[in-house]
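# Report on the structure
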Amino acid sequence: MGGRTLLLGAVLVSSLALFLRPVTDTDFWFHAATGRWIVEHGRLPAHDLFTYTVAGHRWVNHEYLTEVLLWLLQARAGLVGVAVVFGALTWLGLVLVVAACGPRHRPYVIVGLAASLAALAGGPIWGARPQMVTFVFAALELLWLRRSMEHDHGRGRAILWLPALMVLWSNLHGGWPAGLLFLGIALAVEGGRWLRDRSAEHRSRLRLLALAGGLSILAIGLNPNGPAIYTYPFETLTSAAQQSLIREWASPDFHLTVLRPFELMVVLLVAGLALGRPTAFDLLVALAGLALALESARHVPIFLAAATPVLVATWSDVWRRRVAPVLPALTGAAPPRWAPALTTIVLLAVAGTIGLRIAGQLAQQTAVTAQIAPVGAADWLAAHPQVGTRMFNEYSWGGYLADRFAPDRRRAVFISSEGVLMGDAQLYRYQQVAALHPGWQGVLDQDRVDYVVVGRGSALDVVLTTEPGWRLAYRDATAVIYVRTPA
């Protein structure tokens, strides 16, 4: 053990602090509530469960297995257990990305720096979320594809596991089209190689990839939703309301400080592609991942899985051609006998420090939940069951309120965060009220809303303070409740 083990080990251990952190995604409670319903009823919901506004909307549940897992984890280990399991899952994705970087054959400093940057770049996205499944599976598939196209140590046939992965992918999360995209790139590149030289080797690889692709397309359909699973992901991508109203589906805002690592990674990737000598596969995969990330911040993890190995490959090439020849040999001497012991001691020290930090972060879960969800407001509603029959709620809080109160129809929500299930019309109606667009009062009247649960300081909070017919019933640092007064 020497510098390579020490650096890469320290990077991977330290990155755990970015992954093992409190649950902060408010969508979690929607997924947990759905998972609980599935476990209790032994089937998938066919229609919306939690609203009184779109209860008849058909539900194609593309991530039901993840929702069941989230609910079981919450029920048995609490939110801390959820954070630990999904943090470890996401960290596994980073390990797979590092494996795809070829750490044994490339300058380990470049690998370590790239892995660190990737972990930081995904910081705003990491969390207990179903899309982490797509990050891990995309990283695994890209590792298999690289080995298949390079026949790395005879392990190229691992790509034949892709159909089995696709069965899981289509039942865990709707991000599986990314898998077909990367496979399509591999087929195109390998097909071009075969057309160029007609070699038996490239023909064999092409057949292997084509077989994996055909079986994968069929495997996606092994899903209780039936053929509808093939079209569901594209309903989100073609939804004008989701693309324009939901922040995560918008392009990354490079004015945000938290996106500086992602911005730096994009710049380094483009420079590496220009200065290095990327393969056709690396070039196309990196550009595809970059296009997805620039289209939607939600796709940044897919970009990281695709681009990090390319970043390492291109800058390693630059190092070998332009830097290494002018520097004296820095390697080659055998490490001192005490190096393994020192490396072990340092890694244990890093692990201990990071472990303490993670424990401190997870201990804040209760306080974090109270900041991101209307915990106090829900407690007040539970203590006043006679108040209200139809709620208007903050979009991001629909899942938490559903998790607290379903199936109580007096506490059914106006909207939840499952955009396709809500439909564009309902999303626009919500936006009309939340942004106080003309006619917002008419929407509340039409749906006979008699109480409102929204964020403190929101536009609706400000206007209802002086709006006739409404009274403030509850207020804390996070949420307010207004109740309609009799005419």
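You'll find the structure just up there.
Residues numbered from 1 in each chain as written. Predicted model: local features only at pLDDT ≥ 70, side-chain atom pairs only at ≥ 80, totals over all residues. Heavy atoms only, no water.

## Some remarks on the overall build of the protein
Looking only at helices and strands, the protein features 21 helices and four strands. In terms of C-alpha radius of gyration, the protein reaches 25 Å, essentially the compact-globule figure of 23 Å for 487 residues. Dimensions of the protein, computed from C-alpha atoms along their principal axes, come out at roughly 85 × 50 × 40 Å. Counting every position in the protein, which comprises 487 residues, the buried fraction comes to 53%. A sequence separation of at least 24 residues applies to 72% of the contacts in the protein between residues at least 6 apart. Total accessible area on the protein is roughly 21,300 Å²; 64% of this is exposed by carbon and sulfur atoms. Where the 39 positive side-chain charges of the protein centre and where its 31 negative ones centre are 9 Å apart. (Helix = DSSP H or I, 4+ residues; strand = E, 2+ residues; numbered from the N terminus. Rg over C-alpha atoms; globule rule 2.2 N^0.38 Å. Buried < 20%, exposed > 50% of the residue type's maximum accessible area, 1.4 Å probe, protein only. Contact = heavy atoms within 4.5 Å. Areas by Shrake-Rupley, 256 points an atom, 1.4 Å probe, with all protein chains shown as cover. Lys, Arg positive; Asp, Glu negative; His and termini not counted. Charge placed at Lys NZ, Arg CZ, Asp CG, Glu CD.)

## Comments concerning the environment of proline 385
Checked against the element boundaries, proline 385 lands in the loop between helix H16 (375-383) and strand S1 (391-393). Expressed as a C-alpha distance, the spacing of proline 385 and threonine 257, which sit 128 residues apart in the sequence, is 43 Å. Beyond its immediate chain neighbours, meaning those up to four positions away, proline 385 contacts Arg410 and Arg411.

## Describing the pairing of strand S3 (residues 470-475)
As paired elements, S3 and strand S4 (residues 479-484) share five bridges and run antiparallel to each other. Across the sheet, residue arginine 475 finds its bridge partner in S4, namely valine 480. Between the antiparallel neighbours S3 and S4 lie three residues. (Pairing = 2+ DSSP bridges.)

## Here we look at the side chain of arginine 205
Here arginine 205 is to be found in helix H8 (residues 200-220). Note on arginine 205: relative accessible area 7%, which makes it buried. Of the polar contacts made by the side chain of arginine 205, one reaches the side chain of glutamate 201; its length is 2.5 Å. (Polar contact = N/O pair within 3.5 Å; in protein donor to acceptor, adjacent residues only side chain to side chain.)

## Some remarks on the packing of helix H7 (residues 177-197) against helix H12 (residues 280-295)
Running from amino to carboxyl end, H7 crosses H12 at an angle of 150°, the nearest separation of the two axes being 10 Å. By the angle between their directions, the pair H7 and H12 is classed as roughly antiparallel. The handedness of the crossing between H7 and H12 comes out as right-handed. Across from Leu181, Phe182, Ile185, Ala186 and Val189 in H7, the residues of H12 making contact are Ala280, Phe281, Leu284, Val285, Ala288 and Leu292. A per-class count over the contact of H7 with H12 returns eleven nonpolar, no polar and no charged. (Axes fitted to C-alpha atoms, helices over the stretch in contact; angles between N-to-C directions. Parallel < 35°, antiparallel > 145°, perpendicular 65-115°, else oblique. Left-handed = near helix turned anticlockwise from the far one by under 90°. Nonpolar A, V, L, I, M, F, W, Y, C, P; charged D, E, K, R; others polar.)

Purely spatial values, then, with no claim about function.
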